[in-house]
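The chain contents come next:
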Amino acid sequence: MSFLNCTSFGMRIFFVTLIEQESSLQLIQRRTPRLGAICPGSHSYSTFKPSTKPSLCILSWIQGLRTRGCGAPAGPPRARSEHREPPGPTEVSLGPAMLVTAYLALALLLAACLGLELSGCRAKPLSRACCNPSFLRFQLDFYQVYFLALAADWLQAPYLYKLYQHYHFLEGQIAILYVCGLASTVLFGLVASSLVDWLGRKKSCVLFSLTYSLCCMTKLSQDYFILLVGRALGGLSTALLFSAFESWYIHEHVARHDFPPEWIPATFARAAFWNHALAVVAGVAAEVVASWLGLGPVAPFVAAIPLLALAGILALCNWGENYDRQRAFLRTCGGGLRCLLSDRRVLLLGTIQALFESVVFIFIFLWTPVLDPHGAPLGIVFSSFMSASLLGSSLYRIATSKRYHLQPMHLLSLAVLIVVFSLFMLTFSTSPGQESPVESFVAFLLIELACGLYFPSMSFLRRKVIPEMEQAGVLNWFRVPLHLLACLGLLVLHDSDRKTGTRNMFSICSAVMVMALLAVVGLFTVVRHDAELRVPPPAGEPYAPEL
């Protein structure tokens, strides 16, 4: 045991040295009392015998809640305050401005979304798919598993950064954790399709529930190395979530049940709407368990485990297994690269996706440290973000309808313009000493609104521009620069001063989005007279954008 303890201690010292090279001696002096694995809720440090077993961590967390009271934050005793960093966001005097703004924004956005959806439902005639009992039962079997998986995923999003901050990690260390998650996502994403085809879609969905449950359990430990492992498991789970479930459904829809392929977009259009709705509910639920009940930022991760277990059990009991012929990975990537280089439209589209979505990843990292010091309820803020994204998706549906008949290319340009404007707002609202959290919150809402316009527009253009046989390979090449740019941005933020680093990062993101805007202008020039990239006038059943 002594050898294992020494090895664990050495690994922790290695990661601290890797992250803070310029001030390693001072950092070790500050962080040594925190590097011991402390179970949530425990006031005792154990740097020599860290408790890394999830079961022991759960028991210690529950025992800590009983002994200290639900509302008391976990952490070191006051006698050790000389070792702590300057007061963090949880120690800032909270005002009511952000609290009222967040709840008011959520109410207004939900009202706007409800009004648009009700008006859209009245204008839509019922399709034949909605009247087929066998198809509806098949959809229900898919939705009950898929929606549980999505709900568990969204439940963890509002408090991820806050959890690492609650464990007293520095912003640079948190950035490394996010970089690890992004790197594992791109690595596993490259081989996810081949893995799913080889292992089987049903088994891959069950594997997702297992790996994501383990990922949630790692959040109960404060050991930095275990949290890194958890981020790697999260990357694998994300790759499985966005490949295995949809692949299983499409194969069952066409091969086993022999439903018309034209009904597939209706399923994913409905899934896209309920995905946003689940995200809104998950944000409120995370706020309830973490803040209202006083269980702390680790509570949403614990609450996600039963949902993941139920999703895996339902898939194991109710779904049939299906496979696909294994595609050569190198051949797939080679064909995608040839398509990318031979068609200027594909190259410009990939450039726009890499620049836009890398900025979105950086926004996901930065919104919590920007708003949390001012008393923002993180779960409600997250629900507001998802409501704004849902509003953008509803506006996309209305804009491409028969009444307005705008084209996805126009809406893609509008989305990029909105993000450029929002990032310029953030460069001023996050100025050190002159922070304006309400303006920053409005800018973040505009970014989410733009995402609601961007993703269906980009999905439509990709389907039209990229040949179906080459889509998997091309998307692999799209993901690599996307995640590399996001990782580079987080590493730059890690090496910068905390007070000015956030503002500088938003300035860099503004420049990146200006480049994306130039790429949009180039793409618009190339496809201006391309009738293939236009939404056809609605005839018969209404158009429903895919997920």
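All figures in this text were calculated on a predicted structure; none of them were measured in a lab.

**Some points on the nonpolar core**
- Among the nonpolar cores identified, the biggest contains 138 residues, and Phe245, Leu371, Phe385 and Phe444 are the most heavily contacted of them.
- Of the residues forming this core, the biggest block, 15 residues, is contributed by helix 14 (residues 344–371).
- In this structure, this core is formed jointly by two domains, domain 1 (138–327) and domain 2 (328–529), each of which donates at least three residues.
- Residues within four places of phenylalanine 385 in sequence aside, it is in contact with Phe363, Trp367, Leu371, Phe441, Phe444, Leu445 and Glu448.

**A few points about the pattern of salt bridges**
- For the structure shown, the criterion picks out six salt bridges.
- Two residues, aspartate 197 and arginine 201, come together in a salt bridge whose shortest N-O distance is 3.3 Å.
- The exposure class assigned to arginine 201 is buried, which follows from its relative accessible area of 5%.
- The partner of glutamate 321 in a salt bridge is lysine 203, with the nearest N and O atoms 3.2 Å apart. Here lysine 203 lies in helix 8 (residues 201–218) and glutamate 321 lies in the loop between helix 12 (299–318) and helix 13 (329–342), a separation of 118 residues in the sequence.
- Residue lysine 203 is classed as partly exposed on the basis of its relative accessible area of 41%.

**A look at the packing of aromatic side chains**
- In total, this model carries 35 aromatic pairs according to the counting rule given.
- For the ring pair phenylalanine 245 and tryptophan 319, a centre distance of 6.1 Å and an interplane angle of 80° mean the geometry is edge-to-face. Placement of phenylalanine 245 in helix 10 (residues 244–256) and of tryptophan 319 in the loop between helix 12 and helix 13 is noted, with a sequence separation of 74 residues between them.
- On the accessibility criterion, tryptophan 319 (3% relative accessible area) is buried.
- Ring geometry for phenylalanine 273 versus tryptophan 274: centroids 5.2 Å apart, planes at 80°, classification edge-to-face.
- Residue class for phenylalanine 273 comes out partly exposed when judged on its relative accessible area of 27%.
- By relative accessible area, tryptophan 274 is classed as partly exposed at 41%.
- Taking NZ or CZ as reference, arginine 231 lies 5.0 Å from the ring centre of tyrosine 178, over its face.

**Some remarks on the side chain of glutamine 353**
- With respect to the secondary-structure elements, glutamine 353 resides in helix 14.
- Apart from residues lying up to four places away in sequence, glutamine 353 is in contact with Ser358, Tyr454, Met458, Arg462, Phe478 and Leu482.

**Considering the packing of helix 15 (residues 378–399) against helix 17 (residues 437–465)**
- Contact pair helix 15 / helix 17: the axes reach a minimum separation of 7 Å and the direction vectors enclose 40°. Considered as vectors, helix 15 and helix 17 are oriented oblique to each other. In the packing of helix 15 onto helix 17, the handedness of the crossing is right-handed. Contacts from Val381, Ser384, Phe385, Met386, Ala388, Ser389, Leu391, Gly392, Ser393, Leu395 and Tyr396 in helix 15 reach Phe441, Phe444, Leu445, Glu448, Leu449, Gly452, Leu453, Pro456, Ser457 and Phe460 in helix 17.

**Describing helix 12**
- Here helix 12 spans 30 Å end to end across 20 residues, near enough to the 28 Å set by a 1.5 Å rise per residue.
- Those residues of helix 12 not exposed but buried are Ala299, Pro300, Phe301, Ala304, Leu308, Ala311, Gly312 and Ala315.

Cut-off values and rules
- Residues numbered from 1 in each chain as written.
- Predicted model: local features only at pLDDT ≥ 70, side-chain atom pairs only at ≥ 80, totals over all residues.
- Heavy atoms only, no water.
- Core = buried A, V, L, I, M, F, W, Y, C linked by side-chain atoms within 4.5 Å.
- Buried < 20%, exposed > 50% of the residue type's maximum accessible area, 1.4 Å probe, protein only.
- Helix = DSSP H or I, 4+ residues; strand = E, 2+ residues; numbered from the N terminus.
- Domains from an automatic or database assignment.
- Contact = heavy atoms within 4.5 Å.
- Salt bridge = Lys/Arg side-chain N within 4 Å of Asp/Glu carboxyl O.
- Phe/Tyr/Trp six-rings, centres within 6.5 Å; stacked < 30°, edge-to-face > 60°.
- Lys NZ or Arg CZ within 6 Å of the ring centre and 35° of its normal.
- Axes fitted to C-alpha atoms, helices over the stretch in contact; angles between N-to-C directions.
- Parallel < 35°, antiparallel > 145°, perpendicular 65-115°, else oblique.
- Left-handed = near helix turned anticlockwise from the far one by under 90°.
- Expected span 1.5 Å × (residues − 1).

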